[in-house]
Amino acid sequence: FHYDSTLTPLAVRELADRIARRCGGVAAVLGGSDHLNLCLIDPAGDLKELSQAVKSRLNGRGGGKIGIFQGTVGVTAQEVVQFFADWYSSSSVSN
């Protein structure tokens, strides 16, 4: 998970793509300050379950395809950080 308040929506997507390719697992990048943009990328997986959780728990809007979710969240950056800390600790993600 990476957060940078200066990232534009395009930069959020590009950084998530680079991280996912380099690490080989789920990349979650959050950017912006007033409107928070989120991109999730998992080149080898299906993000349907995680993207549904983002939409319901973080007031998320957006979509994508298998392996990619891009959109906005309607909560604070701190709430997003906590969501992913909880998700990583409760999931079987080893990255």
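Just so we're clear, the structure is a prediction, and the values are computed from it rather than from any experiment.

Reading the values: the criteria
Residues numbered from 1 in each chain as written. Predicted model: local features only at pLDDT ≥ 70, side-chain atom pairs only at ≥ 80, totals over all residues. Heavy atoms only, no water. Helix = DSSP H or I, 4+ residues; strand = E, 2+ residues; numbered from the N terminus. Rg over C-alpha atoms; globule rule 2.2 N^0.38 Å. Buried < 20%, exposed > 50% of the residue type's maximum accessible area, 1.4 Å probe, protein only. Pairing = 2+ DSSP bridges. Axes fitted to C-alpha atoms, helices over the stretch in contact; angles between N-to-C directions. Contact = heavy atoms within 4.5 Å. Disulfide = S-S within 2.5 Å. Salt bridge = Lys/Arg side-chain N within 4 Å of Asp/Glu carboxyl O.

> Any chance you could explain the overall build of the protein chain here in plain terms?
Regarding its fold elements, the protein chain presents three helices and five strands. Start at the N end of the protein chain and walk to the C end: the helices and strands fall as β-α-β-β-α-β-β-α. Taking 12 Å as the expected radius of gyration for a compact globule of 95 residues, we find that the protein chain reaches 12 Å, a close match to that expectation. In terms of principal-axis extent, the alpha carbons of the protein chain reach across some 30 × 25 × 20 Å. For the protein chain, buried positions account for 40% of its 95 residues.

> Any chance you could explain the sheet that holds strand β5 (residues 68-73) here in plain terms?
Paired through backbone hydrogen bonds, the strands of a sheet run either parallel or antiparallel to each other. Strand order in the open sheet formed by five strands is β1-β2-β3-β5-β4, with mixed pairing between adjacent strands. Only two strands of the sheet have a single partner each, and these edge strands are β1 (2-4) and β4 (61-65). Averaged over all pairs of adjacent strands, the angle between strand axes in this sheet comes to 10 degrees, irrespective of strand direction. Taken together, the five bridges between strand β2 (residues 27-31) and strand β3 (residues 36-41) define a ladder with antiparallel strand orientation. Following the sheet pairing, Val-29 is matched in β3 by Cys-39. Lying over the sheet, helix α2 (residues 48-57) contacts β3, β4 and β5, oriented at roughly 5 degrees with respect to β5.

> I tried to follow the state of the cysteines on my own but got confused; where do I start?
Note: disulfide means a covalent bond formed between the sulfur atoms of two cysteine side chains. Overall, the coordinates contain zero disulfides when judged by the stated rule. Note on Cys-23: no disulfide assigned, nearest cysteine sulfur contributed by Cys-39 at a separation of 14 Å.

> Which parts of the structure should I look at to understand the pattern of salt bridges?
A side chain of one charge can pair with a side chain of the opposite charge if their charged atoms are brought near each other. Evaluated as defined, the whole model comprises one salt bridge. Close ionic contact of Asp-17 with Arg-21 constitutes a salt bridge, the shortest N to O distance being 2.3 Å. Of the two residues, Asp-17 and Arg-21 are both situated in helix α1 (residues 9-23); the distance of four residues between them amounts to about one turn of the helix. Judged by relative accessible area, which is 61%, Arg-21 ranks as exposed.

> Is there a simple way to think about the environment of Phe-83 in this case?
Mapped onto the elements, Phe-83 comes out in helix α3 (residues 77-90). On the basis of relative accessible area, Phe-83 is assigned to the buried category, the value being 3%. Distance in space between the C-alpha atoms of Phe-83 and Ile-66 is 21 Å, their sequence separation being 17 residues. Every residue in contact with Phe-83, bar those within four places of it in the chain, is listed here: Leu-50, Ala-53, Val-54, Arg-57 and Leu-58.

Nothing here speaks to function; it is all geometry.
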